Amino acid sequence: MTPRCRNCAAALDAVFCDLGMQPIANGLLGPGEVDGPQTYYPLKPLVCRNCLLVQLPSVVAREESFNGSYPYFSGQSADWVRHCEAFVMQALVRFAPWHVLELGSNDGTLLRMFAERGCGEVVGVEPSGNVAEFARTQGVATVCDFFGRRLVESELWTPRWDLIVANNVLAHVPDLDDFVGGMTNALAPEGVVTIEFPWIANLVEQAQWDTIYHEHYSYFSLLAVQRVLGRRGLRIFDVEQIATHGGSLRVYACHQGAKQLTQAAVAHLLRDEGARRLHSLDTYEDFQAVPPAERKVALDVLADSPLRTAGYGAPAKGMTFLNYCGLGPETIEFLVDSTPAKQGKFTPGSRIPVLAPDALTKAIGRVLVLPWNWAEEIRAKIAKDCRWKPEILARPFA
Ligand code: DWN
């Protein structure tokens, strides 16, 4: 059956790229699973000829990724915590919200900051039970469920939310109509929605192909998000570029008829996207996901080395990289990651053990930083903790 665009329902047949069969990126394996069978799904994002939304067909159910053993806890990165602090202060000054709702609130890192600064009602919605439970231990009221129209009608009912925050969650939503429709129904008449997402301009122009994985259903331009929100009653009134996750956008939206004045930044960035040909189907159909040189360099550099190599960080993006390049424990002996939920597990597909950072001993002469988006923070940690100064590598290699 021909897949349909999750924004406009047009038939999808234009291919963005094809990264072969890949496991679920955050589907880390327990010790009892590492030798068992694994499930792989086609990682072949398509682009809608009608609205230019780049997207993975919904071949993987959201419950496969977001369940009781989701291993990503956003507070593990100090740079991310600093990013949240800056946003919270900016949002409090600009909007002075009382009722704050965060969608995909993860471990409560951001919401706790709103609660500590006196907001009257602070609630998170997080579908992964283990992460939601952790947030509750941090004192953050968290509804463990998938957000959408149904949840709004059942639990979050009255449209009282002055600020709805959706950071790095829109890409994870298979049913955009249900999710964004729920935002519209929950938002106070003069409320504001803020949405952060990796900007597809960087994926295309910097070949950030490893950010494509089974967990990210969609890959957004500003134009695509404007169309997704516009079809469900929301208007983008401001936008800014931010540095997180390889370069993202933060958009500010409100009800179509709300008083917020649309800032010139929106038109400017749309014009910029046009100039970068991101409003042209050809740009997406011609996308060469993995620079051939990079895959070869990865294999030459990593596989043919006298140095024993470990990886730093076990990010979802790292799973695409390891599996697409065919790198396993014979090349990268283990990964270290500060997230307790990832330690003692094995990477999906490549079956590389994930250990705590103290596993990095001087026997390791080379370290591959898999979350290149946090390379600076990780390089500083390696410099401080590894007195023998291992060689450090990070994408892009070419
Ligand atoms: O969209 C998503 C983004 C926001 O976060 C989700 N799909 C899941 C996740 O993607 P990711 O796993 O690629 O994100 P990160 O933030 O690049 O992952 C960094 C990993 O590295 C984490 O497992 C934590 C770890 N880490 C560490 O061990 N020591 C990170 C830093 C900075 C460190 O110092």
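The structure we're discussing is the one just above.
Overview of the structure. As the structure is a computational prediction, the values presented were derived from the model and not from experiment.

### A short note on the sheet that holds strand S18 (residues 391-394)
Spatial ordering of the open sheet is given by S16-S15-S14-S17-S18, a layout of five strands whose pairing is parallel. Edge positions in the open sheet fall to strand S16 (354-355) and S18, since each of these has one partner strand only. In the sheet, strand S14 (residues 309-312) pairs with strand S17 (residues 366-369) via four bridges, with the strands oriented parallel. Note that in S17 the partner of Gly 311 across the bridge is Leu 368. On top of the sheet, helix H11 (residues 292-303) reaches S14, S17 and S18; it is set at about 150° to S17, its chief contact.

### So, the site of the ligand
In the region of the ligand, 24 residues are neighbours, and Glu 215, Asp 337, Lys 342, Trp 374 and Lys 381 sit closest. Contact distances for the ligand include 2.5 Å between a nitrogen atom and a side-chain N or O atom of Glu 215. Asp 337 places a side-chain nitrogen or oxygen 2.6 Å from an oxygen atom of the ligand. In the complex, 97% of the free accessible area of the ligand, which totals 710 Å², lies under the protein chains. If you tally residues by element for the shell around the ligand, the top one is helix H13 (residues 375-385), at three residues.

### Let's talk about the packing of H11 against helix H12 (residues 316-325)
The geometry of H11 relative to H12 is characterised by a closest axis approach of 10 Å and an angle of 80° between their N-to-C directions. The angle between the axes of H11 and H12 places the two elements in the roughly perpendicular class. Touching Arg 295, Ala 298, Leu 299 and Leu 302 of H11 are Phe 321, Tyr 324 and Cys 325, all from H12. For the contact of H11 with H12, a count of residues per class yields six nonpolar, no polar and one charged.

The rules behind the values
Residues numbered from 1 in each chain as written. Predicted model: local features only at pLDDT ≥ 70, side-chain atom pairs only at ≥ 80, totals over all residues. Heavy atoms only, no water. Pairing = 2+ DSSP bridges. Helix = DSSP H or I, 4+ residues; strand = E, 2+ residues; numbered from the N terminus. Contact = heavy atoms within 4.5 Å. Axes fitted to C-alpha atoms, helices over the stretch in contact; angles between N-to-C directions. Near = heavy atom within 4 Å. Polar contact = N/O pair within 3.5 Å; in protein donor to acceptor, adjacent residues only side chain to side chain. Areas by Shrake-Rupley, 256 points an atom, 1.4 Å probe, with all protein chains shown as cover. Parallel < 35°, antiparallel > 145°, perpendicular 65-115°, else oblique. Nonpolar A, V, L, I, M, F, W, Y, C, P; charged D, E, K, R; others polar.

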